[in-house]
Amino acid sequence: MNYDTTNLPMFYVAGISIRTINKDGQVGQDISALWQQFNQGKLADKLEDKEGSELYCVYTDYESDHNDYYTAILGCKVTSIEYLPEGFVGKAIPGQKYVLFTPEGEFPTNVGETWQYIWQSDLQRLYTADFDVYDLSNGFDKANVKVYVAID
């Protein structure tokens, strides 16, 4: 698995969220439902302060680690989370050190395989905010994805 480390400054993400857990396929169902709701409702169009066209799926507010409940937020990078449309949540993603994975292979299977690798790895994860960045400019089937995992 190819990966690198990078330091990122703090930034904001706004979108819709769900509380989920990596158990019995629950996370896959929940995040699929978020994608469906986000795309069908054209929710990205409702965010006025977007930075770029990528979609972000943030994993945050962990109760303990990846085996317990956490919040998934699907949305966009924005300049501010002060005034959000009804039903949206905002989150400041901490400026810190991240391991950057670039999934290879067929989307979306490659993203799931990357997370399986991360969950089984010995990374010294912080469990503050981890996230996927989806560049869909070539279409959903040819998405370019980057996975960021906060580390110590």
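In what follows, the structure referred to is the one given above.
Here the residue index of a chain counts from 1 through its sequence in written order. At least 70 in pLDDT is required for a residue's local features to be given in this predicted model, at least 80 for side-chain atom pairs to be given and counted, and no such filter applies to totals for whole chains, interfaces and linings, which use all residues. Calculation of side-chain values draws on the structure's entire complement of heavy atoms; hydrogens and water are dropped beforehand.

Spatial strand order, β1-β6-β8-β7-β3-β4-β2-β5: 8 strands in an open sheet with antiparallel pairing. In this open sheet, the two edge strands, each paired with only one partner strand, are β1 (3-8) and β5 (89-93). With direction set aside, neighbouring strand axes in the sheet form an average angle of 30°. Relative to strand β8 (residues 144-150), strand β7 (residues 129-135) is paired through 5 bridges, and the arrangement is antiparallel. Looking at the pairing, Phe-131 lines up with Tyr-148 of β8. Between two residues, a contact is recorded if the distance between any of their heavy atoms is within 4.5 Å. The axes are straight lines fitted to the C-alpha atoms, using for helices just the contacting stretch, and the angles between their N-to-C directions are given from 0 to 180°. The helix and strand labels rest on DSSP assignments: H or I over at least four residues marks a helix, E over at least two residues marks a strand, and numbering proceeds from the N terminus. On top of the sheet, helix α1 (residues 26-40) reaches β2 (11-20), β3 (55-60), β4 (70-78) and β7; it is set at about 125° to β2, its chief contact. Against the sheet, helix α2 (residues 109-120) engages β1, β3, β6 (96-101), β7 and β8, with an angle of about 20° to β8. Any two strands between which DSSP finds at least two bridges are classified as paired.

Bringing the pattern of salt bridges into the picture now. Salt bridge, as used here, is a side-chain nitrogen of Lys or Arg placed within 4 Å of a carboxyl oxygen of Asp or Glu. If you walk through the whole model with that rule in mind, you get 3 salt bridges. Between Glu-63 and Arg-19 there is a salt bridge, and its shortest N-O distance comes to 3.4 Å. Separated by 44 residues along the polypeptide, Glu-63 in the loop between β3 and β4 and Arg-19 in strand β2 bring together distant segments of the chain.

Within the secondary structure, Asn-22 is located in the loop between β2 and α1. Distance and chemistry together define a polar contact, namely a pair of N or O atoms within 3.5 Å, with one atom able to donate a hydrogen and the other to accept it when in protein, and with adjacent residues in sequence counting only for side-chain atoms on both sides. Side-chain polar atoms of Asn-22 contact the backbone oxygen of His-66, separated by 2.8 Å. A polar contact of 2.8 Å, which involves the side chain of Asn-22, links it to the side chain of Tyr-70. Setting aside anything within four residues of it in sequence, one finds Asn-22 in contact with Val-27, His-66, Tyr-70 and Trp-119.

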